[in-house]
Amino acid sequence: MDEFVNLKATELRLGLPGTDNVCEERERVSCNKRTLQGVTENETESSMMKTGTCPPRKAQIVGWPPVRSSRKNIIQTKKNESDSEGGRGVYVKVSMDGAPYLRKIDLSCYKGYKELLKALEIMFNFSVGEYFEREGYKGSDFVPTYEDKDGDWMLIGDVPWEMFVCTCKRLRIMRGSEAKGVGCGV
Amino acid sequence: MSEDDEDQSPASDLRSQRPCSPNKSRNCISSSQTFPDHVLENVLENVLQFLDSRCDRNAASLVCKLWWKVEGLTRSEVFIGNCYALSPARLTQRFKRVRSLLLKGKPRFADFNLMPADWGANFAPWVSTMAKAYPWLEKVDLKRMFVTDDDLALLAESFPGFKELILVCCEGFGTSGIAVVANKCRKLKVLDLIESDVTDDEVDWVSCFPEDVTCLESLAFDCVEAPINFKALEALVGRSPLLRKLRLNRFVSLEEVHRLLLLGAPQLTSLGTGSFSRGDQSQQEPPDYAAAFRSCKSVVCLSGFRELMPEYLPAILPVCANLTSLNFSYANISPDMFKPIIHNCHKLQIFWALDSICDEGLQAVAATCKELRELRIFPFDPREDTEGPVSELGLQAISEGCRKLESLLYFCQHMTNAALIAMSHNCPELTVFRLCIMGRLRPDHVTGKAMDEGFGAIVKNCKKLTRLAVSGLLTDQAFRYMGEYGKLIRTLSVAFAGDSDMALRHVLEGCPRLQKLEIRDSPFGDVALRSGMHRYYNMRFVWMSACRLTMGCCKDVARAMPNLVVEVIGSDDDDVNRDYVETLYMYRSLDGPRKDAPQFVTIL
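Criteria and cut-off values
Residues numbered from 1 in each chain as written. Chains lettered and ligands numbered in written order. Predicted model: local features only at pLDDT ≥ 70, side-chain atom pairs only at ≥ 80, totals over all residues. Heavy atoms only, no water. UniProt positions renumbered as here; feature names shortened; annotations may be inferred. Helix = DSSP H or I, 4+ residues; strand = E, 2+ residues; numbered from the N terminus. Buried < 20%, exposed > 50% of the residue type's maximum accessible area, 1.4 Å probe, protein only. Areas by Shrake-Rupley, 256 points an atom, 1.4 Å probe, with all protein chains shown as cover. Arc of directions from axis to C-beta. Contact = heavy atoms within 4.5 Å. Core = buried A, V, L, I, M, F, W, Y, C linked by side-chain atoms within 4.5 Å. pLDDT = per-residue confidence, 0-100. Axes fitted to C-alpha atoms, helices over the stretch in contact; angles between N-to-C directions. Parallel < 35°, antiparallel > 145°, perpendicular 65-115°, else oblique. Nonpolar A, V, L, I, M, F, W, Y, C, P; charged D, E, K, R; others polar. Polar contact = N/O pair within 3.5 Å; in protein donor to acceptor, adjacent residues only side chain to side chain. Disulfide = S-S within 2.5 Å. Patch = residues over 30% accessible without salt bridge, like charges linked within 9 Å, V, L, I, M, F, W, Y side chains within 5 Å. Salt bridge = Lys/Arg side-chain N within 4 Å of Asp/Glu carboxyl O. Pairing = 2+ DSSP bridges. Right-handed = clockwise from strand over helix to strand, strands pointing away. Phe/Tyr/Trp six-rings, centres within 6.5 Å; stacked < 30°, edge-to-face > 60°.

Per an unreviewed UniProt entry, chain B carries the name F-box domain-containing protein and comes from Brassica oleracea var. oleracea. Under the UniProt heading Pathway (unreviewed entry), the entry covering chain B gives this text: "Protein modification; protein ubiquitination." Turning to chain B, the UniProt record has this under Subcellular location (unreviewed entry): "Nucleus".

Within an unreviewed UniProt entry, the label attached to chain A reads Auxin-responsive protein, and the organism entered is Brassica carinata. If you open the UniProt record of chain A and go to Subcellular location (unreviewed entry), you find "Nucleus".

What follows concerns the overall build of chain A. Tallying secondary structure elements over chain A gives four helices and seven strands in all. Along chain A, helices and strands appear, N-terminal first, in the series α-α-β-β-α-β-β-β-β-α-β. Here chain A, with 186 residues, has 53% of them falling under the buried criterion. Total accessible area computed for chain A in this model is approximately 8800 Å², and 50% of it derives from carbon and sulfur atoms.

Let's shift gears to helix 20 (residues 551–560) of chain B. Residues and elements named next belong to chain B. Here helix 20 has its buried residues at Met 551, Cys 553, Cys 554, Val 557 and Ala 558. Burial along helix 20 is one-sided: seen end-on, the buried residues are contained in an arc of 165 degrees. Of the surrounding secondary structure, the elements contacted by the buried residues of helix 20 are helix 19 (526–530), strand 21 (564–569) and strand 22 (583–588).

This brings us to the nonpolar core. The biggest cluster of nonpolar side chains holds 182 residues, and the ones touching the most others in it are Phe 123, Leu 233, Ile 316, Phe 328, Phe 351 and Phe 433 of chain B. The residues touching Ile 316 of chain B, leaving out its near neighbours within four places in the chain, are Phe 276, Phe 293, Leu 302, Phe 305, Phe 328 and Ile 341 of chain B. The next biggest cluster of nonpolar side chains, apart from the first, holds 31 residues, and it includes Val 92, Ile 105, Met 123 and Val 159 of chain A.

Interpreting fine coordinate detail is not advised for predicted regions of low pLDDT. Residues and elements named next belong to chain A. The pLDDT averaged across chain A works out to 63; a share of 49% of its residues lies at or above 70. Contacts for the low-pLDDT stretch residues 1–7, under 50 throughout, to residues beyond four places or in other chains number 21 contacts. Low confidence marks residues 13–60, where pLDDT is under 50. Its contacts with residues over four positions away, or in another chain, come to 127 contacts.

The next subject is the packing of helix 15 (residues 417–426) of chain B against helix 16 (residues 452–461) of chain B. All names here are of chain B. Closest axis-to-axis distance for the helix 15/helix 16 pair is 7 Å, and the angle between their directions is 5 degrees. Looking at the two axes, helix 15 sits roughly parallel to helix 16. On the side of helix 15, the interface is formed by Asn 417, Leu 420, Ile 421, Ser 424 and His 425, while helix 16 contributes Asp 452, Glu 453, Gly 454, Phe 455, Ala 457, Ile 458 and Asn 461. Of the residues in the contact of helix 15 with helix 16, the class split is five nonpolar, five polar and two charged.

Attention now goes to the side chain of Thr 145 of chain A. Residues and elements named next belong to chain A. Summarising the element assignment, Thr 145 is placed in strand 5 (residues 142–148). Residue class for Thr 145 comes out buried when judged on its relative accessible area of 0%. A polar side-chain atom of Thr 145 sits 2.7 Å from the main-chain carbonyl oxygen of Arg 172.

Another aspect to go through is the state of the cysteines. Structurally, a disulfide amounts to a covalent bond that connects the sulfur atoms of two cysteines. Under the defined criterion, the tally for this structure stands at zero disulfides over all chains. Its sulfur unpaired, Cys 436 of chain B is 7.5 Å from the next cysteine sulfur, which belongs to Cys 412 of chain B.

With that out of the way, let us pick up the environment of Ile 166 of chain B. All names here are of chain B. For Ile 166, the position within the fold is in strand 4 (residues 164–168). C-alpha separation for the pair Ile 166 and Glu 285, spaced 119 residues apart in sequence, amounts to 39 Å. Setting aside residues no more than four positions away along its own chain, Ile 166 makes contact with Lys 139, Val 140, Asp 141, Leu 142, Val 190 and Asp 192.

Next up on the list: unusual backbone geometry. With an omega of -5 degrees, the peptide bond running from Trp 64 of chain A to Pro 65 of chain A counts as cis. A positive phi is found at Cys 358 of chain B, a non-glycine position, where the angle reads about 65 degrees. Locating Cys 358 of chain B in the fold gives a position in helix 13 (residues 358–368).

Turning our eyes to something else, we now look at a nonpolar patch on the surface. Taken together, the side chains of Val 39, Val 43 and Val 47 of chain B define a hydrophobic patch exposed on the protein surface, amounting to about 220 Å² of accessible area. With respect to the element layout, Val 47 of chain B can be found in helix 1 (residues 37–48).

Bringing the pattern of salt bridges into the picture now. Residues and elements named next belong to chain B. Applying the stated criterion across every chain, the model contains 34 salt bridges over all chains. With a closest N to O distance of 2.8 Å, Arg 75 and Glu 71 form a salt bridge. Of the two residues examined, Arg 75 and Glu 71, each falls in the buried class. For the salt bridge of Arg 559 with Asp 556, the shortest nitrogen-to-oxygen distance reads 3.2 Å. Placement of the pair is Arg 559 and Asp 556 together in helix 20, with a separation of three residues, close to one helical turn.

Let's shift gears to the pairing of strand 15 (residues 407–412) of chain B. Residues and elements named next belong to chain B. Where burial is concerned, most of strand 15 is hidden: six out of the six residues are buried. Side chains of strand 15 alternate between two faces, with Ser 407, Leu 409 and Phe 411 and Leu 408, Tyr 410 and Cys 412 buried alike. Both strand 14 (residues 374–378) and strand 15 contribute to a ladder of four bridges, which runs parallel. Residue pairing for strand 15: Glu 374 is matched across the bridge by Ser 407. Between the parallel elements strand 14 and strand 15, the chain passes through helix 14 (residues 392–401) in a crossover that is right-handed. Taking the sense of rotation as the criterion, the β-α-β connection linking strand 15, helix 15 and strand 16 (residues 432–437) turns out right-handed.

The subject of this paragraph is the UniProt feature "domain: Transport inhibitor response" (unreviewed entry) in chain B. Residues given the UniProt feature "domain: Transport inhibitor response" (unreviewed entry) here are residues 96–142 of chain B. Across residues 96–142 of chain B, the secondary structure splits into 21% helix and 19% strand, with the terminal C-alpha atoms separated by 20 Å.

This structure, assessed with the given rule, holds 27 aromatic pairs over all chains. The interplanar angle of 90 degrees and the centroid separation of 5.0 Å between the aromatic rings of Tyr 113 of chain A and Trp 161 of chain A together place this pair among those described as edge-to-face. Of the two residues, Tyr 113 of chain A sits in helix 3 (residues 113–124) while Trp 161 of chain A sits in helix 4 (residues 161–167), which places them 48 residues apart along the sequence. Classification of Trp 161 of chain A by relative accessible area gives buried; the value is 2%. Ring centres of Trp 119 of chain B and Tyr 585 of chain B lie 5.6 Å apart, and the angle between their planes is 65 degrees; on these two criteria the pair is classed as edge-to-face. Here Trp 119 of chain B, found in the loop between strand 2 (100–104) and helix 5 (124–133), pairs with Tyr 585 of chain B, found in strand 22; they are 466 residues apart in sequence, far enough to count as distant. In this structure, Trp 119 of chain B and Tyr 585 of chain B share a single accessibility class: buried. Taken together, the aromatic side chains of Tyr 84, Phe 109, Phe 112, Trp 119, Phe 541, Trp 543, Tyr 585 and Tyr 587 of chain B make up a single cluster linked through ring pairs.

Quick look at the side chain of Arg 250 of chain B now. Residue and element names in this part refer to chain B. Here Arg 250 shows up in the loop between strand 9 (245–248) and helix 9 (254–264). Given a relative accessible area of 17%, Arg 250 falls into the buried group. Looking at Arg 250, its side chain comes within polar contact range of the side chain of Glu 307, at 2.8 Å. Residues in contact with Arg 250, not counting those within four places in the same chain, are Glu 225, Gly 274, Ser 275, Arg 306 and Glu 307.

Before going further, it helps to spend a moment on the pairing of strand 16 of chain B. Residues and elements named next belong to chain B. Of all six residues in strand 16, six are buried; the element is thus mostly enclosed. Because side chains alternate across strand 16, one face comprises the buried residues Val 432, Arg 434 and Cys 436, and the other comprises Phe 433, Leu 435 and Ile 437, equally buried. Relative to strand 16, strand 15 runs parallel, the two sharing six bridges. Residue pairing in the sheet places Phe 411 in a bridge with Cys 436 of strand 16. Looking at chain direction, strand 16 and strand 17 (residues 467–469) are connected through three bridges and run parallel. Looking at strand 17, one finds that Phe 433 is bridged to Leu 468.

Now the structure itself:
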């Protein structure tokens, strides 16, 4: 699977417009912890940074000015409407067959498929099995799939990571029987 | 609107938790020579029932053991300012007939990402203990607690008479939890979700309310970031004859609000208008929104405007003359749009807005709103280096026009001492003064001096001041003023201020009523921390992050004060600076350190 090469210029991240804001060491650790426990839509904020290197502490101020994220996000939504599609956070819904609830995650929080799948496994308490380029996922009843912009259901991992992040609309963890015929276009 | 509304009466019920020594009973009426105890108990019960105020009850419970016991039997409303100050078991042991609980969890700085997630403040142990002890529980009001869907389900199942659920700045639950509450709490009067983080579980919770006529009086879901079933909402409003307060989220369009108002406008006293923009029907002729608002004869509180289409704002004009509370803080309104509206709001007492209204808009407020008690101006663009549409000019105008002002929250880029001094003279009723100059360490932008004199004047002249938040360039002198004059201050927020330990010492030694102290990024160290040891048992909490504390000193404090829980919160895994304390959060506790602390919390 592709490793996401962390080029600062193309990196997808959260932050207020025009700033390199909000990446303190501890926030990165928080980010890791959070994704493991399950992420909800509003836990976006500046804490969901995933930059490779942290700018010097002095310039980055977490939680300043002291405005709650619920206020910041609303205003952010308005600004993002005029931004490019990739935007700041790439939020997609994740459902799993048989689970009575949905989750929302921010794809820009992950560096690649490995991280994403690990997070999903923990979030929904299952395992994906091994990925084979031709045959898809083996060794598990669960198959991670996604719906792309064209409305097709694809297997997670088939396309390069950046392309996946751009084209993914929602995720669905299917149970084996339903997953046949998915992502055959490998 | 309850963003950081702190109640006025002093601290928690904690002091009166400890029973009086038996010696004291000598002084009390229950000299068992004259009357048998149980008769006295009955008499006391009947008398104490009339005591409502928390302070009065706390005082009464200290008289003697009997009074302590009877007060515990008759207290129906319990306030717990820090959920870790005591265990749920202690609550149920002391108070036997609780019908209403107000519980607060995380410290306020957690709202600004200064605390990692999963720190705690779980509602679960409280609800499970109360489920067994208080089957008649009617009201739960939580602030900054972590509440799960399971907790809500347990609540809905355990309390058949449950009437009021208020969740302020809470998280951990979703629309599925709300659905269970809606469905099972048949006597529900109040369901208020305020500034909370509610997960979208794609559950149609509005349809889950029972199909008969409901008891609903207040329904607030403006913070819920999920679409709702409007038809179900319409039907719900139609069968809720007692509904007075309705606060819609941004997924409700103007047309839909229009329809709701046609159903039940005359009874509503408080309306959250949702998005205040049109849905997809932009082709059709818009309905007469003004007519719908005209029928809102009782509306005194207006909020919402989450995605405002400004051309429709004039529709609210018919209600402006009656408004006592107006919340525009999610609407990017320019001065030109704003002035015609505010010009009619003569009765306004509470006003929240974005700084997009500019100094010009504030001048208009000052000219019209002579009854103003509370003003909150939030930044549209919350960054440090922007232009800043509001300044000392707006503040000066407000101070001159709104003499009855009691509470202020003001975000700006620039400020002057002169404006603060003026306000301190013009607004003697101020009890809450929170100024956030967004540029850190910014001096008076006219004189170039520190903001010491301005804040000094505030603490000196506003004799009723109980809550203060400071910003800008501040030296130790500002804190000297606080210590000298801030005798009633209960809550103090400090960020990027002060020069040395002396600053904090002034405050700890000079402010006898200080209850809640939150400090970040200020040069206060061990000497300062030690200087407050005589105070910490009388405070609700102390928060210090990114200061200059060492682990050694914190350990000393913990050792010297056994009933103080000293938490050191870190998220760095590196041991390089193990002596440096990233975040200190300490609070008194009757039941020792908590057992649910996550890995990144060290309790000394």
